[in-house]
Amino acid sequence: MTWHIIGSSSYIASRLMPVIPAGETVIRYARQPNADERKLDLTVFCESDLEKIRSGDFVVLLAAISSPDFCRDHEAEAYAINVTGTENFIRACLSRGARVLFFSSDVVVGATETVHDETMPVSPVGNYGSMKRAVERAFAGDPRFKVFRLSYVFSRQDKFLRYLASCVEKGETADVFQALYRNVVYLGDVLSAVIALGKSFDCWENSIFHLSGPELLCRADMAMCYQKISMSELSYTVSIPDARFFEARPNVIETRSLYLQDLLGHPATALEKAMQIEFSNTKES
């Protein structure tokens, strides 16, 4: 099988490519490509850019403008990439007989008061959530289109953990939010889910998977766990963001998946266990 990784310089893609099974063909695409990548700009691509995509191939679509604040403040630019360009690209892939995995977000679900699974109605928050939902709806019902709605994706190299590590290194006090409650999902589970779906794509009748961890956690919870597992001298204060911050993102999105455990072959990994895995590799940069 040929894998097409769209947005190959992204955080998830950079960790995905080393775990794609040996013997599989992998073609990488980026808006500003390196020597081993093909150029693909979702806003201006042409047929020749897609010449390698063929029937039965697996397209993993990670490219997007993912900042909720940017999508709020620069709506037209974000829409051109996140909706118009993305829909045109997916449509072209499907017309060639490829299978497409689209990376969406739990922001599509919206603010929750009870736990939310894949079968329940959604209420996207902000432009970013609405854009992701527009793409989901455009291809709903096509058996060659699947969606991963990501919760917060944790690894030692995620943005928040790198911020905490930087504060420790500089001897600074971190400012962490008692807010942004999400079902934090371990990057290792995300990667395993992509690999598993590549092998079993046609076996799944559902089109949407919530990639959700087993615990609803805020950033302060994550900082506390980091302090415990890393054995670092982290000092932090807890704060609450202002109202404008929540215009583009809900405070609480509580999700679960009806399908993820079966896809993975095991329960999703809890944060403390995930941190133990990440920090057991002490040489990681």
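About the cut-offs
Residues numbered from 1 in each chain as written. Predicted model: local features only at pLDDT ≥ 70, side-chain atom pairs only at ≥ 80, totals over all residues. Heavy atoms only, no water. Pairing = 2+ DSSP bridges. Helix = DSSP H or I, 4+ residues; strand = E, 2+ residues; numbered from the N terminus. Buried < 20%, exposed > 50% of the residue type's maximum accessible area, 1.4 Å probe, protein only. Arc of directions from axis to C-beta. Phe/Tyr/Trp six-rings, centres within 6.5 Å; stacked < 30°, edge-to-face > 60°. Lys NZ or Arg CZ within 6 Å of the ring centre and 35° of its normal. Axes fitted to C-alpha atoms, helices over the stretch in contact; angles between N-to-C directions. Parallel < 35°, antiparallel > 145°, perpendicular 65-115°, else oblique. Left-handed = near helix turned anticlockwise from the far one by under 90°. Contact = heavy atoms within 4.5 Å. Nonpolar A, V, L, I, M, F, W, Y, C, P; charged D, E, K, R; others polar.

Visitor: Where do I start with the sheet that holds strand β2 (residues 25–30) in this structure?
Guide: Strand pairing in a sheet is mediated by backbone hydrogen bonds. Such pairs are either parallel or antiparallel. Taken in spatial order, the seven strands of this open sheet run β3-β2-β1-β4-β5-β6-β11, and their pairing is parallel. Both edges of this open sheet fall to β3 (38–39) and β11 (208–211), since each of them pairs with a single strand only. Sheet topology note: the β2/β3 ladder contains two bridges and is parallel. Residue pairing in the sheet places Tyr 29 in a bridge with Arg 38 of β3.

Visitor: Would you mind going over unusual backbone geometry with me for this structure?
Guide: Working note: non-glycine residues mostly have negative phi, and peptide bonds are mostly trans. Backbone geometry places Leu 180, a non-glycine residue, at a positive phi of 60°. With respect to the secondary-structure elements, Leu 180 resides in the loop between β8 (173–177) and β9 (181–183). Notably, Met 231 is not glycine yet its phi reads approximately 55°, a positive angle. Here Met 231 shows up in the loop between α7 (219–230) and β13 (235–239).

Visitor: Hey, could you run me through helix α9 (residues 271–280) in this one?
Guide: Think of an α-helix as 3.6 residues a turn; residues three or four steps apart then line up on the same face. By the burial criterion, the buried members of α9 are Leu 271, Ala 274, Met 275, Glu 278 and Phe 279. Buried residues of α9, seen end-on, are gathered within an arc of 120° and therefore sit on one face of the element.

Visitor: Please explain the packing of aromatic side chains as it appears in this structure.
Guide: Geometrically, a pair of aromatic rings is defined through the distance of the ring centres and the angle of the planes. Summed over all chains, the structure comprises 14 aromatic pairs. An angle of 75° between the planes, with centres 5.7 Å apart, marks the rings of Phe 103 and Phe 148 as edge-to-face. Here Phe 103 is found in strand β5 (residues 99–105), whereas its partner Phe 148 is found in strand β6 (residues 145–150), with 45 residues between them in sequence. Each member of the pair, Phe 103 as well as Phe 148, is classed as buried. Centroid distance Phe 245 to Phe 246: 5.4 Å. Interplanar angle 85°. Geometry classified as edge-to-face. Owing to a relative accessible area of 24%, Phe 246 belongs among the partly exposed residues under this scheme. Of the aromatic side chains, those joined through ring pairs into one cluster are Phe 103, Phe 148, Trp 204, Phe 209 and Tyr 259. Looking at Lys 146, its charged tip hangs above the ring of Phe 201, at a distance of 5.5 Å from the centre. For the cation-ring pair, Arg 249 lies above Phe 245, with the distance from its terminal atom to the ring centre recorded as 4.1 Å.

Visitor: I tried to follow the pairing of strand β4 (residues 58–61) on my own but got confused; where do I start?
Guide: Looking down a regular strand, the side chains alternate between one sheet face and the other. Along β4, one buried face is formed by Phe 58 and Val 60 and the opposite face, lined by Val 59 and Leu 61, is buried too. In this sheet, β4 lies alongside strand β1 (residues 2–6) in parallel orientation, the contact comprising four bridges. In the sheet register, Ile 6 faces β4, and the bridge partner there is Leu 61. Pairing between β4 and β5: four bridges, direction parallel.

Visitor: Even after reading the chapter, I still don't get the packing of helix α3 (residues 75–95) against helix α4 (residues 126–138), so can you show me in this structure?
Guide: Relative orientation of the contacting elements α3 and α4 amounts to 15°, with a least axis distance of 10 Å. The angle between the axes of α3 and α4 places the two elements in the roughly parallel class. Taken as a pair, α3 and α4 cross one another with a handedness that is right-handed. Contact residues: Glu 75, Ala 78, Tyr 79, Asn 82, Val 83, Thr 86, Glu 87 and Ile 90 in α3; Asn 127, Tyr 128, Met 131, Ala 134, Val 135 and Ala 138 in α4. Residue composition of the contact of α3 with α4, grouped by class: nine nonpolar, three polar and two charged.

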